[in-house]
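Notes for the structure review
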Amino acid sequence: MQKIWICGAKGQIGRAINEVIDKLEYKILDTDIDDLDITDTDEVLRFGEMNRPDVIINCAGLTDLQECEKDLAKAFKTNALGARNFPKYVLFFLKLVHISTDDVFDGKSQKPYTEFDETHPKTAYGKSKLAGERYVKEFTYKHFIIRSTWVYGLGNNFINQLLEKVDQGENLSIAGDQFGSPTSAKELARFILHLIQTNEYGTYHATNKGVCSRFEFASEILRFTGKQVEMKPVVTHMSDFSRERPAFSVLDNFIMTMTPVYDFPDWKESLKEYMEERGLLNEK
């Protein structure tokens, strides 16, 4: 039975992996910030040597964009140096999965970003995550770097924030000039578990199929829940949500078209699955 160490197990992707994984096939080693400090090299090495995992899935990181901007040192310590500490241990075992982000790009493109496009992060979050990617590449070739965008799952996300405001009866202003591909954490988890069974190492863009604006995403959420509220599309700086997000967060799953390791469903299909499983589906 293979051992999989999931670091950041209480986050959306970590929880999704625990939800879909076959625990008769894998032994899961879950850690989060209360269990292990990923910025402490000795602590990471000690845990690895004691438990001898076959695969590490690093979902941990500082993802709050405002906090990253306010505390640059904390952002780089967590997202860059934290990522560095895992490769130091990877040298002694098999595979590392590192979760990254679309924020490594500047969001100014007119077409979807591929894995081969140059990165130009503008935020502290994006810069720190890119530094983490580089450490991973430097220390081990047996890596899977996975960039995704607009991820939702169990935990704090756009869907929960939106529905909370709807239930409070608030009128909403949603960015109509932000574009991305809403991506299910559960679908990402399925992809990750499939990928670690292969030797197709490298960087992957991994999102659900299709593109929409943030306003269109919100409209589809309301349609699935059957909830109604006054909502209008606005420019980003006037939006109730996601003011720090780039205008264009669309990733092209280009490597997957050349190496058919996985096929993501359409974003509406996965959103419906999420709504149904969470008891939120009430289509009208």
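Read on for a plain summary of the structure. What you see is a predicted model; the values in this text were computed from it and never measured.

Attention shifts here to unusual backbone geometry. A positive phi angle, near 50°, is found at Arg-52, a position not held by glycine. Structurally, Arg-52 is set in the loop between helix 2 (41-51) and strand 3 (55-58). Of note in the backbone geometry, Trp-150 takes a positive phi value of approximately 50° without being a glycine. With respect to the helices and strands, Trp-150 occurs in the loop between strand 5 (143-148) and strand 6 (151-152).

To continue, consider the sheet that holds strand 2 (residues 26-31). Across the sheet, six strands lie side by side as 2-1-3-4-5-10; this open sheet has parallel pairing. Two strands in the sheet have a free side with no partner beyond their single neighbour: strand 2 and strand 10 (202-205). Between one strand axis and the next, the sheet turns by 20° as a mean value, whatever way the strands run. Running at roughly 165° to strand 5, helix 7 (residues 185-195) makes contact with strand 1 (2-7), strand 2, strand 3, strand 4 (95-101), strand 5 and strand 10 of the sheet.

Our focus in this paragraph is the pattern of salt bridges. Scanning all chains against the criterion turns up 12 salt bridges. Residue Lys-186 is joined to Glu-19 by a salt bridge in which the shortest nitrogen-to-oxygen separation is 4.0 Å. One end of the pair, Lys-186, is in helix 7; the other, Glu-19, is in helix 1 (residues 12-20), with 167 residues separating them in the sequence. The buried category is assigned to Lys-186, whose relative accessible area is 14%. One salt bridge connects Glu-187 with Arg-190, and the closest N-O pair in it is separated by 2.7 Å. Of the two residues, Glu-187 and Arg-190 both sit in helix 7, three residues apart, roughly one turn of that helix. Where salt bridges share partners, they join Glu-19, Lys-186, Glu-277 and Arg-278 into one cluster.

By size, the foremost hydrophobic cluster in this structure holds 31 residues, and its most contacted members are Ile-4, Ile-17, Ile-146, Phe-191 and Ile-192. Those elements giving two or more residues to this core turn out to be strand 1, helix 1, strand 2, strand 3, strand 4, strand 5, helix 7 and helix 9 (254-258). It is helix 7 that contributes the most residues to this core, seven residues altogether. When neighbours within four sequence positions are excluded, Ile-17 is seen to be in contact with Ile-6, Ile-57, Cys-59, Ala-189, Ile-192 and Leu-193. Leu-163, Phe-217, Trp-267 and Tyr-274 belong to the second largest nonpolar core, which has 22 residues in total.

With that settled, the discussion passes to the packing of helix 6 (residues 158-167) against helix 8 (residues 214-225). Where helix 6 meets helix 8, the closest approach of the two axes is 11 Å, and the angle between their N-to-C directions is 65°. Crossing of helix 6 over helix 8 shows right-handed handedness. Two secondary-structure elements touch here, helix 6 through Phe-158, Ile-159, Leu-162, Leu-163 and Val-166 and helix 8 through Arg-214, Phe-217, Ala-218, Ile-221, Leu-222 and Thr-225. Of the residues assigned to the contact of helix 6 with helix 8, the class counts are nine nonpolar, one polar and one charged.

Further remarks concern a nonpolar patch on the surface. Together, Phe-116, Phe-254 and Met-258 give the surface a local cluster of nonpolar side chains, amounting to about 320 Å² of exposed area. As for its position among the elements, Phe-116 is in the loop between strand 4 and helix 5 (124-139).

Procedures and definitions
Residues numbered from 1 in each chain as written. Predicted model: local features only at pLDDT ≥ 70, side-chain atom pairs only at ≥ 80, totals over all residues. Heavy atoms only, no water. Helix = DSSP H or I, 4+ residues; strand = E, 2+ residues; numbered from the N terminus. Pairing = 2+ DSSP bridges. Axes fitted to C-alpha atoms, helices over the stretch in contact; angles between N-to-C directions. Contact = heavy atoms within 4.5 Å. Salt bridge = Lys/Arg side-chain N within 4 Å of Asp/Glu carboxyl O. Buried < 20%, exposed > 50% of the residue type's maximum accessible area, 1.4 Å probe, protein only. Core = buried A, V, L, I, M, F, W, Y, C linked by side-chain atoms within 4.5 Å. Left-handed = near helix turned anticlockwise from the far one by under 90°. Nonpolar A, V, L, I, M, F, W, Y, C, P; charged D, E, K, R; others polar. Patch = residues over 30% accessible without salt bridge, like charges linked within 9 Å, V, L, I, M, F, W, Y side chains within 5 Å. Areas by Shrake-Rupley, 256 points an atom, 1.4 Å probe, with all protein chains shown as cover.

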